[in-house]
Protein chains: 2
Amino acid sequence: MPKKIKLELIPEMAARKATFNRRKKGIMKKLHELHTLCDVPICAVIYGPCKEEEPIVWPSPLEVENMINLYKNLPEIQQCRKKVTHEEYLKQRIARVEEKLKRVRKKNRKLKITKLFNECLKNKDFHDQNILDVTDLKDLSKLADEKMKLIDERIETLMGNPPPPPQIGTSRSAAAGEPNGEEI
Amino acid sequence: MPKKIKLELIPEMAARKATFNRRKKGIMKKLHELHTLCDVPICAVIYGPCKEEEPIVWPSPLEVENMINLYKNLPEIQQCRKKVTHEEYLKQRIARVEEKLKRVRKKNRKLKITKLFNECLKNKDFHDQNILDVTDLKDLSKLADEKMKLIDERIETLMGNPPPPPQIGTSRSAAAGEPNGEEI
DNA sequence: GAGTCTATATATAACAC
DNA sequence: TGTGTTATATATAGACT
């Protein structure tokens, strides 16, 4: 039932308050856990959605102030180096997510091509199916080259001999079903 | 694989650091989400387990300071009323958990007795089984009284008449199987 | 507001790289 | 250290009480 809500301001005040209370509790628990598990100084201040409310000051107003003062007394160098501003945080996050997206896309592409490759091994008339565009064919060719190289290397290993000339007659044993798109 | 780790200081420094990094990331995400979903002012300062590290100051040192100042300017009354100190937080938490424990125990007890009750309806020789102690028998008797009362009420409802004298010959239809221990 | 319930979404511990 | 993976543990949205 926890519909994946979008990460944006909740319009209805009632729902917003409910979510605030639920999540505030969760965050306080997390803070307490981190503090206990790692024995690190932590503090947080959280204002409520209703402006008249007093903020939560965790673990206590005094300690919050102490931590702030402690921070202020750090040498400038340390203060400035790693300041994680909200903006920076977002930028870092975006960068990481985009990087991951790239990796995943690449992986997907590779899986797709590998799947095509294996299908081709089983079905030689794939040319007629009009499902391959130029890019696919190029990647397919590239993958074929890679597979050839792998085969060559494996043969070398099995023979335990110096590299013979590149042309070898290999018996491609058509793989039956691709369990996970990663056969040779 | 996430073995349920105990909520206490992690002894091995390596594991502690790993956990710290993982959880710090999680908490920052939560803070960001709460901030976005509810549009409330939030800030947090988190020092690392290595004393030389600079703390994370979120969302930014300036804003943290502003929030602190804002807080300091609140009228004393508001400042003092709801100060959630770490200790208070723990006390509240303990109180709530204990309360819940109580509720659950009560519920368990009731389920157990109801189960016994239903078994008795099916099997009259339960006296021989030596599985009931005095408390059980007392609770059982109490439950029987309650059930009787429920039956009386239901009969009254069905008759739509003024309450007849308490003695009624009721036909106890022995319930077949207790689906969830909550039959009459 | 606070607690219950339940289906899902997330967080995350331990491990392999 | 950081990432990917996977099996679990938690968090939590939504509907009720």
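What you see is a predicted model; the values in this text were computed from it and never measured.

Visitor: Help me understand the relation of the copies chain B and chain A, please; the structure alone is not making it clear to me.
Guide: Relating one copy of the chain to the other requires a rotation about an axis plus a shift along that axis. When chain B is fitted onto chain A, the two copies agree to an RMSD of 0.2 Å after a turn of 180° and an axial shift of 0.0 Å. Seen this way, the second copy is the image of the first under a two-fold rotation axis. The position closest to the rotation axis in chain B is occupied by the C-alpha of B:Ala44, lying 2.0 Å away. Both copies share a contact surface, since 100% of the interface residues of chain B are interface residues in chain A too.

Visitor: Explain the interface of chain B and chain A here, please?
Guide: Interface size is commonly expressed as the accessible area that is lost once the parts come together. Residue-level contacts link 62 residues of chain B with 62 residues of chain A. Interface area, chain B with chain A, both sides summed: about 5,800 Å², of which 69% is carbon and sulfur. The interface formed by chain B and chain A holds 2 salt bridges in total. Remark: the boundary between chain B and chain A carries 13 residue pairs in polar contact (both at pLDDT 80 or more). Going through the elements one at a time, helix H1 (13–38), strand S1 (42–46), strand S2 (56–58), helix H2 (61–72), helix H3 (76–81) and helix H4 (86–122) of chain B are the ones with two or more residues in the side of chain B that touches chain A. A per-element tally of the side of chain B that touches chain A places H1(B) first, with 17 residues. Split by residue class, the side of chain B that touches chain A holds 35 nonpolar, 9 polar and 18 charged. Pairing of strand S1 (residues 42–46) of chain A with S1(B) involves 5 bridges; the strand directions are antiparallel. When the bridges of S1(B) are listed, A:Cys43 appears paired with B:Val45.

Visitor: Mind showing me how you'd approach the pairing of S1(A) here?
Guide: Successive side chains on a regular strand alternate, one facing one side of the sheet and the next facing the other. All names here are of chain A. Most of S1 sits out of view: 5 of its 5 residues are buried. Judged by which residues are buried, S1 turns out to be covered on both faces: Ile42, Ala44 and Ile46 on one side and Cys43 and Val45 on the other are all buried. Where S1 and strand S2 (residues 56–58) come together, 3 bridges link them in antiparallel fashion. Bridging across to S2, alanine 44 finds its partner in tryptophan 58.

Visitor: Would you mind going over the protein's contact with DNA strand D with me for this structure?
Guide: Contacts to DNA strand D come from 18 residues, most closely from A:Arg22, A:Lys29, A:Arg103, A:Lys107 and B:Pro2. Near the protein, within 4 Å, the atoms of DNA strand D are sugar or phosphate in 75% of cases. Within the contact set of DNA strand D, a phosphate oxygen lies 2.8 Å away from a side-chain nitrogen or oxygen of A:Arg103. Side-chain polar atom of B:Lys30 to a phosphate oxygen of DNA strand D: 3.3 Å apart, as the coordinates give it.

Visitor: It is not clear to me how the confidence of the model for chain A should be interpreted in this structure. Could you clarify?
Guide: Detailed reading of the predicted coordinates is not advisable wherever pLDDT is low. Residue and element names in this part refer to chain A. Mean pLDDT over chain A works out to 78, with 76% of the residues at or above the 70 mark. Mean pLDDT in chain A bottoms out at helix H3 (residues 76–81), which sits at 58, and peaks at helix H1 (residues 13–38), which reaches 93. Below a pLDDT of 50 lies the segment residues 168–181, which in the model reaches 20 contacts outside its immediate sequence neighbourhood of four places, other chains included.

Visitor: Got a minute to help me understand the nonpolar core in this structure?
Guide: Nonpolar side chains in soluble globular proteins tend to end up buried together. If you look at the biggest cluster of nonpolar residues, it comprises 30 residues, and the most contacted ones within it are A:Leu34 and B:Leu34. When residues of this core are traced back to their parent elements, those giving at least two are H1, S1 and S2 of chain A together with H1, S1 and S2 of chain B. If we skip the residues at most four places from it in the chain, A:Leu34 touches A:Asp39, A:Val40, A:Ile42, B:Phe20, B:Arg23, B:Ile27 and B:Ile46. In terms of nonpolar packing, the next biggest core, distinct from the first, is built from 16 residues, A:Val64, A:Ile68, B:Cys43 and B:Val45 among them.

Visitor: Even after reading the chapter, I still don't get the protein's contact with DNA strand C, so can you show me in this structure?
Guide: Inspection of the region around DNA strand C gives 19 residues, with A:Pro2, B:Pro2, B:Arg22, B:Arg23 and B:Lys29 positioned closest. Within 4 Å of the protein, the contacting atoms of DNA strand C are drawn from sugar and phosphate to the extent of 76%. A:Lys30 places a side-chain nitrogen or oxygen 3.3 Å from a phosphate oxygen of DNA strand C. Mapped by element, the contributors of at least two residues to the surface near DNA strand C are H1 of chain A together with H1 and H4 of chain B. Looking at the surface near DNA strand C element by element, the count peaks at 6 residues for H1(B). Looking at the surface near DNA strand C, its residues break down into 5 nonpolar, 2 polar and 12 charged.

Visitor: Any chance you could explain the side chain of B:Thr19 here in plain terms?
Guide: Looking at the element boundaries, B:Thr19 is found in helix H1. Setting aside chain neighbours within four positions, we find B:Thr19 in contact with A:Leu37, A:Cys38 and B:Ile10.

Visitor: Is there a simple way to explain the sheet that holds S2(B) in this structure?
Guide: Within a sheet, each strand pairs with its neighbour through backbone hydrogen bonds, oriented either parallel or antiparallel. Spatial strand order, S2(A)-S1(A)-S1(B)-S2(B): 4 strands in an open sheet with antiparallel pairing. Only two strands of the sheet have a single partner each, and these edge strands are S2 of chain A together with S2 of chain B. On average, each strand axis in the sheet is tilted by 5° relative to the strand beside it, whichever way the strands run.

Rules used throughout
- Residues numbered from 1 in each chain as written.
- Chains lettered and ligands numbered in written order.
- Predicted model: local features only at pLDDT ≥ 70, side-chain atom pairs only at ≥ 80, totals over all residues.
- Heavy atoms only, no water.
- Least-squares fit on C-alpha atoms with pLDDT ≥ 70 in both.
- Contact = heavy atoms within 4.5 Å.
- Buried area = accessible area lost by both parts, 1.4 Å probe.
- Salt bridge = Lys/Arg side-chain N within 4 Å of Asp/Glu carboxyl O.
- Polar contact = N/O pair within 3.5 Å; in protein donor to acceptor, adjacent residues only side chain to side chain.
- Helix = DSSP H or I, 4+ residues; strand = E, 2+ residues; numbered from the N terminus.
- Nonpolar A, V, L, I, M, F, W, Y, C, P; charged D, E, K, R; others polar.
- Pairing = 2+ DSSP bridges.
- Buried < 20%, exposed > 50% of the residue type's maximum accessible area, 1.4 Å probe, protein only.
- Near = heavy atom within 4 Å.
- pLDDT = per-residue confidence, 0-100.
- Core = buried A, V, L, I, M, F, W, Y, C linked by side-chain atoms within 4.5 Å.
- Axes fitted to C-alpha atoms, helices over the stretch in contact; angles between N-to-C directions.

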